[in-house]
Amino acid sequence: MKYSVGVIICGAGKGTRAGFEKNKLLVPFQGSTALEKSINAFDFDGVEEIVVTSSQNDFAEISSLCEKYPRTRVVLGGETRSQSVYNALQTVSTDIVLIHDGARPFITRTAIDNCIHSVYSYGSGICAVDCTDTIAVADKGKIVDVPDRNNLYQIQTPQGFFKENILFAYQQAFEQGEATYTDDSSVFASFCGKPVLCEGDKANIKLTHANDFSKNAVRCGFGVDTHAFGKEQTYITLGGVKIPSDSGLIAHSDGDVLIHALMDALLSAVGLKDIGYYFPDTDEKWKDADSMEMLATVVSMLHEKGYRVQNVSIAVQAEKPRLAKYIDEMKNRLSSALKVDPTAVGITAGTNEGLGYVGEGKGITVYAYALLKE
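Since the model is a prediction, treat every value here as computed from it, not as a measurement.

Rules behind the numbers
- Residues numbered from 1 in each chain as written.
- Predicted model: local features only at pLDDT ≥ 70, side-chain atom pairs only at ≥ 80, totals over all residues.
- Heavy atoms only, no water.
- Helix = DSSP H or I, 4+ residues; strand = E, 2+ residues; numbered from the N terminus.
- Buried < 20%, exposed > 50% of the residue type's maximum accessible area, 1.4 Å probe, protein only.
- Axes fitted to C-alpha atoms, helices over the stretch in contact; angles between N-to-C directions.
- Parallel < 35°, antiparallel > 145°, perpendicular 65-115°, else oblique.
- Contact = heavy atoms within 4.5 Å.
- Nonpolar A, V, L, I, M, F, W, Y, C, P; charged D, E, K, R; others polar.

Visitor: Before we go on, may I ask you to explain the environment of leucine 76 in this structure?
Guide: Position of leucine 76 relative to the elements: it lies in strand E5 (residues 72-76). You can call leucine 76 partly exposed: its relative accessible area is 39%. Sequence-wise, leucine 76 and glutamine 56 are 20 residues apart; in three dimensions their C-alpha atoms are separated by 6.6 Å.

Here's what the structure looks like:
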């Protein structure tokens, strides 16, 4: 038997712990809002309706936001989460209902499908992940008990049920004056039976405090640089490593074209100017300068902007010299300078198959991509 599926997204809260002047679900977040991202996650074939709860203050704004989602409508919530869910449940027309916190915008389709499948199979589906940290029970700041974490799970949303069952549970809760619950599985457990866990997702975090809205922000940057051979020198420097060569690279500094491309990628990721602005070839200070020291300056600039490197990917185009045996050393030097694990530094080297200035051995071009995390 095929059951219809609906979703309730809780958006009626104030989010006071985040410290914003408005509902945290409506503040700009990664190009839209947390509420829109949560709605998008459920806006697929197989979900017949999405009901969003809203406070009276936010009703007009949330209603306007939801206009672009044809299967979505807004209902007025209550003073508590439980009251809001109960109000929404009374309007849902589907057989199965998934209840989700709008403050969990990173929910995945896999976790949603797990939840639906669990309801089909067991009558309930509570997304959860195993607890990897030690959990302590404390009294006045002192640990009084440490439960076995093998039996502990972090409960998430969505939480799915047959609509008639969860509606009955909420009706009983309000009739008995026990309508203060932190989640829907607790209501179900009180009046229907033991809810069944299903696999959630570690990334499905709940946005609660102000820094939660920034710690997932990322920036990417791209840089490219070219240097010509011609310097009377028996080596070139790439990634801070000296490599034997029949000619050096012409440059004001040490000619480390790899680091120069990388610096441009890092600077562009945070909206700063290029390396020519910060390290001009008209300034004697940078004459024959060590590019690794210049890179350290750029990394400090990123930190001042509130960003750190997450990973970098670099492609070197060079007909000569052969670079394969030097790549690991370059990765280690760069990982130290960028303060990342060597596995976060990718370097590939290739020729240009004899074509163009690279193929003719006249110079080296490097392309660099950088991903930064706030």
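Visitor: In this structure, what is going on with unusual backbone geometry? I would like to understand it.
Guide: Only a minority of non-glycine residues have a phi that is not negative, and only a minority of peptide bonds are not trans. Along the chain, threonine 157 connects to proline 158 via a cis peptide bond; the corresponding omega equals 10°. Mapping proline 158 onto the fold places it in strand E10 (residues 153-162). In this structure, proline 321 follows lysine 320 across a cis peptide bond, with omega equal to -15°. Note on placement: proline 321 falls in the loop between strand E16 (308-317) and helix H10 (327-338). Notably, lysine 140 is not glycine yet its phi reads approximately 55°, a positive angle. Following the sequence through the fold, lysine 140 ends up in the loop between strand E8 (137-139) and strand E9 (142-145). The backbone of glutamate 353 sits at a positive phi, close to 50°, despite the residue not being glycine. Among the secondary structure elements, glutamate 353 is positioned in the loop between strand E17 (345-350) and helix H11 (356-359).

Visitor: How should the packing of helix H5 (residues 163-175) against helix H6 (residues 184-191) be read in this particular structure?
Guide: For any two helices packed against each other, the geometry is given by the interaxial angle and the distance between the axes. Contact geometry of H5 with H6 gives a least axis separation of 9 Å together with a crossing angle of 80°. Put simply, H5 runs roughly perpendicular to H6. Contacts between H5 and H6 involve Asn165, Ile166, Phe168, Ala169, Tyr170, Gln172 and Ala173 from the first element and Asp184, Val187, Phe188 and Phe191 from the second. Of the residues in the contact of H5 with H6, the class split is eight nonpolar, two polar and one charged.

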